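A closer look at the structure
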Amino acid sequence: MMLFLPATALCCLCSVITVAEELIQNDLTLTRRAGESVSFSCGGTDQCSSTVVYWYQKKDTRDSFRMLLSIGISNGAINRGYNHPQQNDFSAVKNQGSWALELKTVKDVHSAIYYCSCYKSTHRDMIFGSGAKLYVTATPVEKPSVTVYQAASSDHLEEKRSLLCVASQMVPPVVKITWKSQKQDGSPLASPPGDTEQLDVIESDYTASILLIHQQDENSHTYGCSVTHEGGTVEGQIEEGVSQSPPKELPPDTLSTNQTLTGCPSSEHPVSQKQVKLLCLVYTVLITKSLVYCCGVSLLRLIRRSRKHAAD
């Protein structure tokens, strides 16, 4: 499971990713049948100092992140001189004023994640898009089923409450979860207050996100999650304030020690024992993941500091 990556792997990840995702790839996924066409857009190229956008292909196999080709930003000229075995399958197409990567005939071998990148500034730093994953399948796209739970751990989070947003049963299985809050006075939706914390976990059959909320904010805001998917955006909303309904304890065999679940977001989605156990498991794993990540970053800093002292 990706949740239990060792600290050394996290350190390698931190050392490799040195720039933020700054180019814009709006599509999380693109699903096509074999024989259909598809195009991958890349926005934000006005900040590129290079005259071309580079496209990379990343397959699920190890060491498969390879440069595919480059496309001229102004004229769409293609350079295929990177020895990629599929380079001749791709071309360039004008899309909303910029040049996109086009695949006129999709094949199973094209299933991969496609990243655009370019050089920025005189320091020759590369910036990347977030990537768009191509699924080649005859299975139709299905929107996720979204459920929002109110949960609390009374012993460990005395000053906080937590919300859990779970997206499942979607095809393809890739989503992006963002949290929104609204003041009780009816002001427009916005990002949660700055002192909230969000933890995410991605598995093969579901994606979950936990929002930790300080208790002083819980009565003044209404919270909900927005799940972005290829099939459309699905909103999961809790209509009442986080703490307006009293805690409802469930039988001991449905919960791990110290865990309680407050009122469900909707009577249409009754909470089963399986769902409650999933909540407890996800919450525990997220905390473990956060601790492992912090240990990995700390170890990386210690190694760099010791090497710096040795060099001096």
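Residues numbered from 1 in each chain as written. Predicted model: local features only at pLDDT ≥ 70, side-chain atom pairs only at ≥ 80, totals over all residues. Heavy atoms only, no water.

**Notes on the overall build of the chain**
Threshold: Each helix corresponds to a stretch of at least 4 residues labelled H or I by DSSP, and each strand to a stretch of at least 2 residues labelled E; elements are numbered beginning at the N terminus. Burial classes follow relative accessibility: with a 1.4 Å probe on protein chains only, a residue under 20% of its type's maximum area counts as buried, one over 50% as exposed, and anything between as partly exposed. Contacts are assigned to residue pairs with any non-hydrogen atoms lying within 4.5 Å of each other. Only the protein chains shown count as cover for residues, and all accessible areas are computed by the Shrake-Rupley method using a 1.4 Å probe.
Along the chain, the regular secondary structure elements total three helices and 18 strands. Across the 312 residues that make up the chain, the buried fraction comes to 39%. Considering only residue pairs separated by 6 or more positions, the chain has 62% of its internal contacts joining residues 24 or more positions apart. Per element, the accessible surface of the chain, about 17300 Å² overall, is 52% carbon and sulfur.

**So, the pattern of salt bridges**
Rule in force here: The term salt bridge refers to a pairing of a side-chain nitrogen on Lys or Arg with a carboxyl oxygen on Asp or Glu at a separation within 4 Å.
Under the counting rule described, the total for this entry stands at three salt bridges. With a shortest N-O distance of 2.7 Å, lysine 120 and glutamate 22 are connected by a salt bridge. Pair noted here: lysine 120 is in strand β8 (residues 112-120) and glutamate 22 is in the loop between α1 (7-16) and β1 (29-32), with a separation of 98 residues, a long-range link. Two residues, aspartate 60 and lysine 133, come together in a salt bridge whose shortest N-O distance is 3.9 Å. In this pair, aspartate 60 is assigned in the loop between β3 (52-58) and β4 (65-72) and lysine 133 in strand β10 (residues 132-136), connecting sequence segments 73 residues apart.

**Here's the deal with the state of the cysteines**
Convention followed: Throughout, a disulfide means two cysteine sulfur atoms within 2.5 Å of one another.
Tallied over the entire structure, the rule returns three disulfides. There is a disulfide in this structure between cysteine 42 and cysteine 116, and the S-S distance comes to 2.1 Å. Here cysteine 42 and cysteine 116 share a disulfide; its torsion about the S-S bond, 80°, makes the bridge right-handed. You can see cysteine 42 sitting in the loop between β2 (38-40) and β3 and its partner cysteine 116 sitting in strand β8, a full 74 residues away along the chain.

**Some thoughts on the side chain of threonine 31**
Tracing the chain through its elements places threonine 31 in strand β1. Aside from chain neighbours lying at most four places away, what touches threonine 31 is Tyr135, Thr137, Thr139, Val141, Pro172 and Glu230.

**A word on the sheet that holds strand β7 (residues 98-103)**
What counts, and what does not: Only strands that DSSP links by at least two bridges are regarded as paired with each other. Convention adopted: a line fitted to C-alpha atoms gives each axis, helices being fitted over their contacting stretch, and angles between N-to-C directions are expressed from 0 to 180 degrees.
On the basis of which strands lie adjacent, the open sheet formed by three strands has the order β2-β7-β6 and antiparallel pairing. Each of the sheet's edge strands pairs with one partner strand only, and the pair in question is β2 and β6 (90-95). Recorded for the sheet is a direction-independent mean angle of 40° between the axes of neighbouring strands. Pairing analysis gives six bridges linking β6 to β7, with the strands arranged antiparallel. Pairing of asparagine 95 across the sheet is with serine 98, part of β7.

**Details of the sheet that holds strand β16 (residues 221-229)**
Read from one edge of the open sheet, three strands run β13-β16-β17, paired in antiparallel fashion. Of all the strands in the sheet, just β13 (176-183) and β17 (232-237) have a single pairing partner and so form its edges. Strand-to-strand twist in this sheet, taken as the mean axis angle between neighbours without regard to direction, amounts to 25°.

**Observations regarding the nonpolar core**
Rules: In plain words, nonpolar cores are sets of buried Ala, Val, Leu, Ile, Met, Phe, Trp, Tyr and Cys residues tied together by side-chain atoms within 4.5 Å.
Counting residues in each nonpolar core, the largest one holds 23 residues, and the members touching the most others are Phe40, Trp55, Leu101, Tyr114 and Leu134. Counting residues per element, the ones that place at least two in this core are β2, β3, β4, β7, β8 and β10. Among the nonpolar cores identified, the runner-up in size contains 15 residues, and Ala167, Ile213, Cys225 and Val234 belong to it.

Structural measurements only, silent on function.
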